[in-house]
Amino acid sequence: AKKLDYRCLSREELSEEAIKYNVPVGKLQTAIVKPPRVYERMGPQREFYLSTITSILCKYALEGNLVYHGHTGHMLLPGIPHIFRIRVLGDMEYRIDKVMSRLKLSREKAVDYIANVDSDRDKWVRFLYGINWHDPSQYDLVVNLDHLGIANATTALGTMA
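Basis of the calculations
Residues numbered from 1 in each chain as written. Predicted model: local features only at pLDDT ≥ 70, side-chain atom pairs only at ≥ 80, totals over all residues. Heavy atoms only, no water. 1 Å grid on protein atoms, 1.4 Å probe; cavity = no way out; pocket = protein on both sides within 12 Å on 5 of 7 lines; lining within 4 Å. Points joined across faces, edges and corners; volume = space filled by probe spheres on them. Helix = DSSP H or I, 4+ residues; strand = E, 2+ residues; numbered from the N terminus. Nonpolar A, V, L, I, M, F, W, Y, C, P; charged D, E, K, R; others polar. Phe/Tyr/Trp six-rings, centres within 6.5 Å; stacked < 30°, edge-to-face > 60°. Buried < 20%, exposed > 50% of the residue type's maximum accessible area, 1.4 Å probe, protein only. Lys NZ or Arg CZ within 6 Å of the ring centre and 35° of its normal. Core = buried A, V, L, I, M, F, W, Y, C linked by side-chain atoms within 4.5 Å.

## Some points on empty space enclosed by the protein
Line of reasoning, step 1. A full pass over the atoms with the stated rule returns one cavity of 30 Å³ or more.
Line of reasoning, step 2. Roughly 50 Å³ of volume is contained in the largest cavity.
Line of reasoning, step 3. Surrounding the largest cavity, Arg 11, Leu 14, Tyr 49, Ile 53, Tyr 68, His 71, Leu 76, Trp 124, Leu 128 and Tyr 129 form its lining.
Line of reasoning, step 4. Where the lining of the largest cavity is concerned, the elements lending two or more residues are helix H1 (11-20), helix H4 (43-62) and helix H6 (107-129).
Line of reasoning, step 5. Looking at which element gives the most residues to the lining of the largest cavity, the answer is H6, with three residues.
Line of reasoning, step 6. Here the residues of the lining of the largest cavity are counted per class, giving eight nonpolar, one polar and one charged.

See below:
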């Protein structure tokens, strides 16, 4: 986003804004770890969440060029051809080091934290969209930072955008 001079928007920012519209984001996130019968009852809240964050994302997109980073945010705007859908993969050691330093956790706790976050993401995406977000066909491009590196990926993606 910086290289392209585009606005950068995260899933967390969308969720924070959705909360201002009384969307029960926390309740939805908690429901995904419950048995299916519990989160199935969340259907109307799920639809409210999806419609609210879609309209918020559209508002920002209409203001100009935008880089959105979050989990499967491209699913909010299906059928729009000029969205560049990218999945970025990172080395587990890199992820562990970042979590250890950012959250001040031991290696073991960082590994557990990452496993829990990944599991929650899988459940969240399945709950919202009913898809496997690991499926590469959901994206225009899958970038593996282990092979490319952040600097090279940034340059390549900026050029492609």
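Now that the structure has been shown, the text picks up again.
## Comments concerning the packing of aromatic side chains
Line of reasoning, step 1. Going through the model one piece at a time under the given rule, you end up with two aromatic pairs.
Line of reasoning, step 2. Considering the side-chain rings of Trp 124 and Phe 127, the 6.2 Å spacing of their centres and the 40 degrees angle between planes classify their relative orientation as tilted. Of this pair, Trp 124 and Phe 127 are both found in helix H6, three residues apart, which corresponds to roughly one turn of the helix. Both residues of the pair, Trp 124 and Phe 127, count as buried.
Line of reasoning, step 3. One Lys or Arg, Lys 59, reaches over the ring of Tyr 60 and ends 4.7 Å from the middle of that ring.

## Quick notes on the nonpolar core
Among soluble globular proteins, nonpolar side chains are generally buried collectively.
Line of reasoning, step 1. Membership of the largest hydrophobic core comes to 23 residues, with the highest contact counts inside it found for Leu 14, Tyr 49, Leu 76, Leu 128 and Tyr 129.
Line of reasoning, step 2. Those elements giving two or more residues to this core turn out to be H1, H4 and H6.
Line of reasoning, step 3. Broken down by element, this core gets its largest block of residues, six residues, from H4.

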